[in-house]
Amino acid sequence: MSTSTAKSDTGLISKIETRSIDYVPLRERSGRLSDQATIWFGGSAHLLSLATGAIGIGMGLNLIWTLIALAIGTVLGTIPVSAHATQGPHLGLPQMVQTRPQFGRYGALFIWGIAIVVYWGYVVLGNNLLGATAEQLGWGDAPPWAVIFGVVSIVLAVFGYHWLHAAQRVITIALVVVLAVYVFGLAIGGHIPASTLALGESFDLAAFLVVVSASCAYQLSWAFFVSDYSRYMPPTTKRSAIIGVTSSGLFFGVFSFEAVGAICAALLPGESITASLAHTGDLVFPGLGPILLIVGGAGLLGLMAMCVYGGSLTLITAIDSLRSIDPTRKIRVVTILIVGVTGTIAAAVLPADFLNTSFATILAVLAYLMAPWTSVNLVDFFLVRRGNYSIREMFAKDGMYGLWNWRGITAYLLTFLVMIPFMYLSFFQGPIAVALGGVDIAFFVGIPVGCVIYWLLCRGMDLDREREIIAESDQDLERIAAPIE
């Protein structure tokens, strides 16, 4: 960690966040629990979530069965994702740094590589969709708008943690108001046919389970993010409280726009998902459609900024594992530009229908790769080490967590192997998934299996010795924690 002396900043530069992967000392901790709800409501109630909601309608389910499947899958995905939120206040570190104790300094490089791909992929998908939406609104061609939105997300990410929270508070208010008007307007206006809400019709178990799996996978994709946006909270923050508040933002944010996506697909099945959103909005009153696109786009823009921010933190963590670096403001800005600029360029050159043709496959692959990691990380935090970690040892090249941790690596690989027969993709179908009629339950199997495997492998760990090292290594942590540049 950095021990550099403080430097004075003036003007706009002083507003740019300095912290990146380094420990946030207690003197800088603050925040409200409600911010964990708004950061995740605003970060998940957006245009990209519409696509997940439309999957069930496309497979022949009616609206009510699609909504039930979406709710179940979203709840199942929310539980492990929100559990990561308590790690931020407890450790004062971003999410990916916390992977070192389970996998080792070098062993975690693969996990960080996956995380960077996830962040970068969302930047590409999001800016591509925002550009296409701007074109749909008649603002001009999609590629220039993808670049404009990319620049805005980069600027937000540069200013950092507190600016992102502030932006998502405003976006959340706008989203709640517009969503309430839209849903109640459709219901009161009688625009949703009663046949789409009949439980006795259009039920297909295979399609139902596919929607449960897809919505769970989509929610799991936020697991890499969570404590990045809670690490400035005081360590006295109650675990149950922050998990509960984070869960509310995650569930209602994702489910609200998934439900809207399902409604749009049910009412106008022949149109693209954003076009049907605009047209169904105008059923409530003329002009609501464009407002829905703009506000939903604002939520997606907030997520893009979060992805650029998180991608930067993960990239710095990976670099620091290979060669120890001083986590300065400069390295923050440089890595943000790397993630943001490359993702924006890719978004601008991709075809406008890229999301429609690739989204379901991307979701499934993300879930396969993240399920073993989230199992290992959560079991280590809650059951094995029970929150007892050394901050300084995580950053030490010769620290007690080592370069390679065979327990985490073995648990990850075994879990992934166990999942393979349950996978179902366009280019690969596992035998058990085929026997189940094409239903993919790989991560429903992988998460509990990963938990058990890692817990068993950790039975012989000398945790008493670890606690002795922690007490000695971190005794002066607050005194030597790097001041803000």
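Coordinates for the structure precede this section.
Residues numbered from 1 in each chain as written. Predicted model: local features only at pLDDT ≥ 70, side-chain atom pairs only at ≥ 80, totals over all residues. Heavy atoms only, no water.

Draft legend 1. Up close: the overall build of the protein chain. Within the protein chain, the secondary structure is distributed over 20 helices and 0 strands. Over its C-alpha atoms the protein chain spans a radius of gyration of 22 Å, differing by no more than 12% from the 23 Å that the globule rule assigns to 485 residues. Referenced to the eigenvectors of the C-alpha coordinate spread, the extents of the protein chain come out at roughly 65 × 55 × 40 Å. Counting the 485 residues in the protein chain, one finds 57% classified as buried. A separation threshold of at least 6 residues defines the contact pool for the protein chain, and within that pool the share at least 24 residues apart is 85%. Between the averaged position of the 25 positive side-chain charges in the protein chain and that of its 29 negative side-chain charges there is a distance of 10 Å. (Helix = DSSP H or I, 4+ residues; strand = E, 2+ residues; numbered from the N terminus. Rg over C-alpha atoms; globule rule 2.2 N^0.38 Å. Buried < 20%, exposed > 50% of the residue type's maximum accessible area, 1.4 Å probe, protein only. Contact = heavy atoms within 4.5 Å. Lys, Arg positive; Asp, Glu negative; His and termini not counted. Charge placed at Lys NZ, Arg CZ, Asp CG, Glu CD.)

Draft legend 2. Highlighting the packing of aromatic side chains. Under the counting rule described, the total for this entry stands at 23 aromatic pairs. On the numbers, 6.4 Å between centres and 75° between planes, the contact of Phe103 with Tyr412 is edge-to-face. With a gap of 309 residues between them, Phe103 in helix 5 (residues 100-103) and Tyr412 in helix 16 (residues 406-419) connect regions that are remote in the sequence. When its relative accessible area of 1% is taken as the criterion, Phe103 is described as buried. An angle of 80° between the planes, with centres 5.1 Å apart, marks the rings of Phe251 and Phe252 as edge-to-face. Note on Phe251: relative accessible area 15%, which makes it buried. (Phe/Tyr/Trp six-rings, centres within 6.5 Å; stacked < 30°, edge-to-face > 60°.)

Draft legend 3. Here's a closer look at the packing of helix 2 (residues 47-58) against helix 10 (residues 239-267). Between helix 2 and helix 10, the least distance of the axes is 6 Å, while the angle of their chain directions is 55°. Classified by the interaxial angle, the pair formed by helix 2 and helix 10 is oblique. For the pair helix 2 and helix 10, the crossing hand works out as right-handed. Mapping the contact onto sequence places Leu47, Ser49, Leu50, Thr52, Gly53, Ala54 and Ile57 in helix 2 and Val254, Phe257, Glu258, Val260, Gly261, Ala262, Ala265 and Ala266 in helix 10. (Axes fitted to C-alpha atoms, helices over the stretch in contact; angles between N-to-C directions. Parallel < 35°, antiparallel > 145°, perpendicular 65-115°, else oblique. Left-handed = near helix turned anticlockwise from the far one by under 90°.)

Draft legend 4. Local environment of the pattern of salt bridges. Counting across every chain of the model gives 13 salt bridges. A salt bridge links Arg19 to Asp22, with the nearest nitrogen and oxygen atoms 2.8 Å apart. Among the ionic pairs, Arg385 bridges to Asp380, the shortest N-O distance being 2.8 Å. Assessed through its relative accessible area of 4%, Arg385 is described here as buried. Judged by its relative accessible area of 0%, Asp380 is buried. (Salt bridge = Lys/Arg side-chain N within 4 Å of Asp/Glu carboxyl O.)

Draft legend 5. Representation of unusual backbone geometry within the structure. The phi dihedral of Arg386 is positive, around 50°, even though this residue is not glycine. Relative to the elements of secondary structure, Arg386 occurs in the loop between helix 14 (354-384) and helix 15 (391-395).

Draft legend 6. View of the environment of Gly289. Tracing the backbone through its elements, the reader meets Gly289 in helix 12 (residues 288-322). Along the chain, Gly289 and Phe110 lie 179 residues apart, while their C-alpha atoms are 43 Å from each other. Apart from the residues lying within four places of it in its own chain, the contact partners of Gly289 are Leu277, Ala278, Gly281 and Asp282.

Draft legend 7. Structural detail: the state of the cysteines. The full count for this structure, using the stated rule, is 0 disulfides. This cysteine, Cys216, is not joined by any disulfide, and Cys451 carries the nearest cysteine sulfur, 13 Å off. Since its relative accessible area comes to 2%, Cys216 is described here as buried. Sulfur of Cys307: no disulfide; nearest cysteine sulfur belongs to Cys216 and is 19 Å away. The class of Cys307 is buried, set by a relative accessible area of 0%. (Disulfide = S-S within 2.5 Å.)

Draft legend 8. Here's a closer look at the environment of Thr38. Secondary-structure assignment places Thr38 in helix 1 (residues 33-44). Separated by 130 residues in sequence, Thr38 and Gln168 have C-alpha atoms that sit 5.9 Å apart. With sequence-adjacent residues up to four places away left out, Thr38 is seen in contact with Gly43, Gln168, Arg169 and Thr172. Within the structure, Thr38 has its side chain in polar contact with the backbone oxygen of Asp35 (distance 3.3 Å). (Polar contact = N/O pair within 3.5 Å; in protein donor to acceptor, adjacent residues only side chain to side chain.)

Such coordinate-based values are descriptive only and should not be taken to indicate function.
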